[in-house]
Amino acid sequence: MAPPVSLDTGPSGDYEFTFESYLDDSLRLEAVDVPYHFPNDPIENERIDEQYDVLGMAMDGRLHCAPFDRQNPPRKVLDIATGTGAWAIEMGDVYPEAQIIGTDLSPIQPAFVPPNVRFFVEDSDYPAEFDYIHTRATSGCFSDMKSQVIQRAFDHLKPGGWLECQEFSATLLSDDDTISPDWPFKWWSDDFISSSRNANRQTEVAGDLKDYLREVGFVDVHETVFKLPIGAWPKETRAKHLGMLWQRNILEGLSAFSLGFFNRFLGRSPEQIELSLVEVRRSLYDRKVHAYHKFFVVCGRKPETA
Ligand SMILES: C[S@@+](CC[C@H](N)C(=O)[O-])C[C@H]1O[C@@H](n2cnc3c(N)ncnc32)[C@H](O)[C@@H]1O
């Protein structure tokens, strides 16, 4: 996977940005009340951290595809919906000269972090200008990723700055037609997607990101698609390992993904939901089904002239 282009048109080194100025500007934002339908409890936070490791493995250990590196580091970085802040913290370690801000609706981030990393409770709105804005695994967070995240990022990036969205889709795929309509995890996925529509929360936007970035005005848009196998079915060792970890992550998250959506938006009781999950969990171990999700990493540059 090659990085898209060189960043010779990227941000200059002339910054007056400080955490204090971000805080001052933050006071101008109005309080928001945006509900999130998945829990942010310790079990889910542990799952999010494991998901971070699995997605990092899918990307061969790379933190980003935007063309930054040690010689050309980003300076002001925003991680929207940072969760437990794992990406922001690793970015802070790799780029000590950068100031990294992570925002989230929930204050679930650790207290001990690199000195150049700070977390704030906010939604996808923010007052400051950045030269690199990032999202990862925000499925179910936004009703309109294009206007709430991509257009806003375009407006708040400095000319030459980059947006990168690392997002997966819940749509099940297989290259050999082994997903049958009566596979319980297929029912579950269809229910998940339809309940997310009822909830007005997008979960299937990853494949459209490339087009959205272009439509909003980003240039040098680059998309890389990774396969996330579900289970130990792949023959190749690395893919098998990835598949086992992804399967485990799904198993750990099933209750969290289902309870809010299926109760509020499909009218099922918690007992009905938990009962149905028994069969769904069992089905995930079926090695005859060669299913996978797609993980899209899309980045684009705001033109110098915008
Ligand atoms: C699955 S976690 C993703 C965490 C992180 N980006 C990662 O890759 O590990 C989703 C996070 O988005 C947050 N969230 C949900 N809706 C949001 C919104 N509208 N604005 C900001 N954060 C939001 C949730 O609180 C949760 O911590």
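Going by an unreviewed UniProt entry, the protein chain carries the name S-adenosyl-L-methionine-dependent methyltransferase and comes from Trichocladium antarcticum. Comment text from UniProt for the protein chain, heading Sequence similarities (unreviewed entry), reads "Belongs to the methyltransferase superfamily. LaeA methyltransferase family."

Colleague: Would you mind showing me how to read the overall build of the protein chain here?
Modeller: Scanning the protein chain for helices and strands turns up 8 helices and 7 strands. Counting only residues that meet the buried cut, the protein chain has 39% of its 306 residues in that class. Across the protein chain, contacts joining residues at least 24 apart in sequence account for 76% of those joining residues at least 6 apart.

Colleague: What is the right way to read the site of the ligand from this model?
Modeller: Around the ligand sit 20 residues in total, of which Ala-81, Gly-83, Asp-123, Arg-136 and Cys-141 are the nearest. Those elements giving two or more residues to the shell around the ligand turn out to be α2 (42-58) and α3 (86-94). Grouping the constituent residues of the shell around the ligand by class yields 11 nonpolar, 6 polar and 3 charged.

Colleague: Whenever I open this one, α2 confuses me. Can you help?
Modeller: Each turn of an α-helix holds 3.6 residues, which means side chains three or four residues apart point in the same direction. An ideal rise of 1.5 Å per residue puts 24 Å on 17 residues; α2 measures up with 24 Å between its terminal C-alpha atoms. The set of residues buried in α2 consists of Arg-47, Ile-48, Gln-51, Val-54, Leu-55 and Ala-58. The buried side chains of α2 occupy one side of the element, clustering within an arc of 120 degrees when seen end-on. Exposed positions of α2 whose direction lies more than 90 degrees from the buried face are Pro-42, Glu-46 and Asp-53. Contacts made by the buried residues of α2 are with β4 (130-136), β5 (157-168), β6 (219-229), α7 (237-266) and β7 (292-301). Downstream of α2 by a residue or two, Asp-60 has a phi angle that is positive, lying close to 55 degrees.

Colleague: Sorry if this is basic, but what is going on with the confidence of the model for the protein chain here?
Modeller: Atomic detail in the predicted coordinates should be set aside for any region of low pLDDT. For the protein chain, per-residue confidence averages 90 on the pLDDT scale, and 89% of positions sit at 70 or higher. Across residues 1-15 the pLDDT falls below 50, and counting only partners more than four positions away or on other chains, this stretch makes 25 contacts in the model. This model gives residues 26-34 a pLDDT under 50, and the stretch forms 10 contacts once residues within four places in sequence are excluded.

Colleague: When you look at the sheet that holds strand β1 (residues 76-80) in this model, what are you seeing that I'm missing?
Modeller: Pairing between the strands of a sheet is mediated by backbone hydrogen bonds and can be parallel or antiparallel. In spatial order, the strands read β3-β2-β1-β4-β5-β7-β6; together these 7 strands make up an open sheet with mixed pairing. Here the strands that pair on one side only, and so sit at the sheet edges, are β3 (117-121) and β6. Within this sheet the neighbouring strands show an average axis-to-axis angle of 15 degrees, counted without direction. Where β6 and β7 come together, 9 bridges link them in antiparallel fashion. Within the sheet, the bridge partner assigned to Glu-223 lies in β7 and is Val-298.

Colleague: How should I be thinking about the pairing of β4 in this particular structure?
Modeller: Across a regular strand the side chains alternate sides, sitting on one face of the sheet and then on the other. Where burial is concerned, most of β4 is hidden: 7 out of the 7 residues are buried. In this structure, β1 lies alongside β4, joined through 4 bridges in parallel fashion. Its bridge partner lying in β4, Leu-78 is registered against Ile-133. With 6 bridges joining them, β4 and β5 adopt parallel strand pairing.

Colleague: Looking at this structure, how should I read unusual backbone geometry?
Modeller: Comment: phi is negative for the bulk of residues other than glycine, and the bulk of peptide bonds are trans. Positive phi outside glycine occurs at Ala-81, with the angle close to 55 degrees. Looking at where Ala-81 falls in the secondary structure, it is placed in the loop between β1 and α3. You will see that Asn-200, though not glycine, has its phi angle at about 60 degrees, which is positive.

Colleague: What exactly am I supposed to notice about the pairing of β1 here?
Modeller: The buried fraction of β1 amounts to 5 of the 5 residues, a majority that puts the element mostly inside the structure. Following the backbone out of β1, through α3 and into the adjacent parallel strand β2 (residues 99-104), one traces a crossover that is right-handed.

Colleague: Got a minute to help me understand the packing of α2 against α7 in this structure?
Modeller: Look at α2 against α7: their axes get within 10 Å of each other, and the N-to-C directions meet at 155 degrees. Judged on the interaxial angle alone, α7 and α2 are roughly antiparallel. Here α2 runs over α7; the crossing is left-handed. Facing α2, whose interface residues are Glu-44, Arg-47, Glu-50, Gln-51, Val-54, Met-57 and Ala-58, α7 presents Leu-242, Leu-245, Trp-246, Asn-249, Glu-252, Gly-253 and Ala-256. For the contact of α2 with α7, the residue count by class is 7 nonpolar, 3 polar and 4 charged.

Colleague: Looking at this model, I keep getting lost on the environment of Ser-147. Mind explaining?
Modeller: Inspection of the secondary structure assignment puts Ser-147 in helix α4 (residues 145-156). C-alpha separation for the pair Ser-147 and Val-216, spaced 69 residues apart in sequence, amounts to 9.0 Å.

Colleague: Please explain the packing of helix α5 (residues 184-198) against helix α8 (residues 270-283) as it appears in this structure.
Modeller: Helix packing for two helices is described by the angle between their axes and how far apart those axes are. As a packed pair, α5 and α8 sit with axes 7 Å apart at the nearest point and diverge in direction by 120 degrees. Taken together, the axes of α5 and α8 lie oblique to each other. Contact residues: α5 offers Pro-184, Phe-185 and Trp-188, while α8 offers Glu-279, Val-280 and Ser-283.

Cut-offs used in this document
Residues numbered from 1 in each chain as written. Predicted model: local features only at pLDDT ≥ 70, side-chain atom pairs only at ≥ 80, totals over all residues. UniProt positions renumbered as here; feature names shortened; annotations may be inferred. Helix = DSSP H or I, 4+ residues; strand = E, 2+ residues; numbered from the N terminus. Buried ≥ 20, exposed ≤ 12 C-beta atoms within 10 Å, placed from the backbone. Contact = placed C-beta atoms within 7 Å. Near = placed C-beta within 6 Å. Nonpolar A, V, L, I, M, F, W, Y, C, P; charged D, E, K, R; others polar. Expected span 1.5 Å × (residues − 1). Arc of directions from axis to C-beta. pLDDT = per-residue confidence, 0-100. Pairing = 2+ DSSP bridges. Axes fitted to C-alpha atoms, helices over the stretch in contact; angles between N-to-C directions. Right-handed = clockwise from strand over helix to strand, strands pointing away. Parallel < 35°, antiparallel > 145°, perpendicular 65-115°, else oblique. Left-handed = near helix turned anticlockwise from the far one by under 90°.

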